[in-house]
Amino acid sequence: RLSGAKDILPIIAQESLLQNMDLSGGDMITVTGQVRSHNSREGGVRRLLIFIFAASVTAEYGEPINELTIEGPICKEPTYRRTPLGREICDVMLAVPRAFRRADYLPCILWGRMAQEVSQCHTRDRIRIQGRLQSRVYTKLTEEGCENRTAYEVSALTAYIPEEE
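Below is a short write-up of the structure. (Residues numbered from 1 in each chain as written. Predicted model: local features only at pLDDT ≥ 70, side-chain atom pairs only at ≥ 80, totals over all residues. Heavy atoms only, no water.)

Here we take up the nonpolar core. What tends to happen in soluble globular proteins is that the nonpolar side chains get buried as a cluster. I70, L94, I127 and I129 are the most contacted members of the largest nonpolar core, which totals 22 residues. Broken down by secondary-structure element, the contributors of at least two residues to this core are β3 (45–60), β4 (68–82), β5 (88–98), β6 (102–111), α2 (112–119), β7 (126–142) and β8 (145–160). The leading source of residues in this core is β5, at 4 residues. With sequence-adjacent residues up to four places away left out, I70 is seen in contact with L94, V96, L106, C108, I127, R128, I129 and V154. (Core = buried A, V, L, I, M, F, W, Y, C linked by side-chain atoms within 4.5 Å. Buried < 20%, exposed > 50% of the residue type's maximum accessible area, 1.4 Å probe, protein only. Helix = DSSP H or I, 4+ residues; strand = E, 2+ residues; numbered from the N terminus. Contact = heavy atoms within 4.5 Å.)

Structure follows, in structure tokens:
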């Protein structure tokens, strides 16, 4: 990331992928797969868990890459705002379809002109986003006091609004 922040991303992998993995070559691990979401309900509190469901895991050399492409309908009205420094931001929740009539609900953040354009969209409008999965730590005020939490979101590098057919 340009800010120098490091993203810590949760990965779920089948044990068989890790057992067959050769760790002798490479200084980093490459994971390919799907970004998934799961609604967790603990103690009456709902949380959206975001993770990478690994299809393959390999040890490699090279520069770290964090990239993804997702497409789906907007499932919650976009929220457009400005940062304290004046940067334009638009938050959207995409319902990314997967097999068996299921969907993964992924929070996305868009910047600048993309934020302006997507803020004009509505629920059920489809968009395609290319970007990265990022993590950020924030402080949540709870009844027990302050609690540090990690949020995961797709940070868009490009967004495309397909023409309606």
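Turning next to the sheet that holds β3. The strand order across the open sheet formed by 3 strands is β1-β3-β2, and the pairing between neighbours is mixed. The open sheet terminates on both sides in strands that have one partner only, identified here as β1 (11–12) and β2 (28–42). (Pairing = 2+ DSSP bridges.)

Our focus in this paragraph is the side chain of D104. Relative to the helices and strands, D104 is located in strand β6. Its relative accessible area of 3% is what places D104 among the buried residues. One polar contact links D104 to R98, side chain to side chain, over a distance of 2.9 Å. (Polar contact = N/O pair within 3.5 Å; in protein donor to acceptor, adjacent residues only side chain to side chain.)

Here we take up the environment of I29. Note on placement: I29 falls in strand β2. Considering only alpha carbons, one finds I29 and P64, 35 residues apart in sequence, at a separation of 9.0 Å. Not counting chain neighbours up to four residues away, the residues in contact with I29 comprise M21, V57, T58 and A59.

Along α2, the positions that sit buried rather than exposed are M114, A115, V118 and S119. The buried residues of α2 all sit within an arc of 125° when viewed along its axis, so they share a single face. The elements touched by buried residues of α2 are β4, β5, β6, β7 and β8. (Arc of directions from axis to C-beta.)

This paragraph deals with the pattern of salt bridges. In total, this model carries 9 salt bridges according to the counting rule given. R47 is paired through a salt bridge with E147; the nearest N and O atoms lie 3.4 Å apart. In this pair, R47 sits in strand β3 while E147 sits in strand β8, placing the two residues 100 residues apart along the sequence. Since its relative accessible area comes to 29%, E147 is described here as partly exposed. Across the pair D91 and R81 runs a salt bridge whose closest N-O atoms are separated by 2.9 Å. Note that D91 is positioned in strand β5 and R81 in strand β4, a separation of 10 residues in sequence. Given the relative accessible area of 21%, D91 is considered partly exposed. Through salt bridges with shared partners, one network takes in R36, R98 and D104. (Salt bridge = Lys/Arg side-chain N within 4 Å of Asp/Glu carboxyl O.)

With that settled, the discussion passes to the sheet that holds β6. Sheets are built from strands that pair by backbone hydrogen bonding, the pairs being arranged parallel or antiparallel. Strand order around the closed barrel formed by 5 strands is β4-β5-β6-β8-β7, with mixed pairing between neighbours. Across the sheet, the axes of successive neighbouring strands diverge by a mean angle of 40°, strand direction being ignored. Examined bridge by bridge, β7 and β8 share 15 bridges and lie antiparallel to one another. The residue of β8 that forms the bridge with Y138 is R149. Across the sheet, α2 touches β4, β5, β6, β7 and β8, and the angle it forms with β5 is around 65°. (Axes fitted to C-alpha atoms, helices over the stretch in contact; angles between N-to-C directions.)

With that settled, consider the packing of aromatic side chains. By the definition in use, this model includes 0 aromatic pairs. Sitting over the face of the ring of F53, R36 holds its NZ or CZ atom 4.6 Å from the ring centroid. (Phe/Tyr/Trp six-rings, centres within 6.5 Å; stacked < 30°, edge-to-face > 60°. Lys NZ or Arg CZ within 6 Å of the ring centre and 35° of its normal.)

That's the geometry; what it means functionally is another story.
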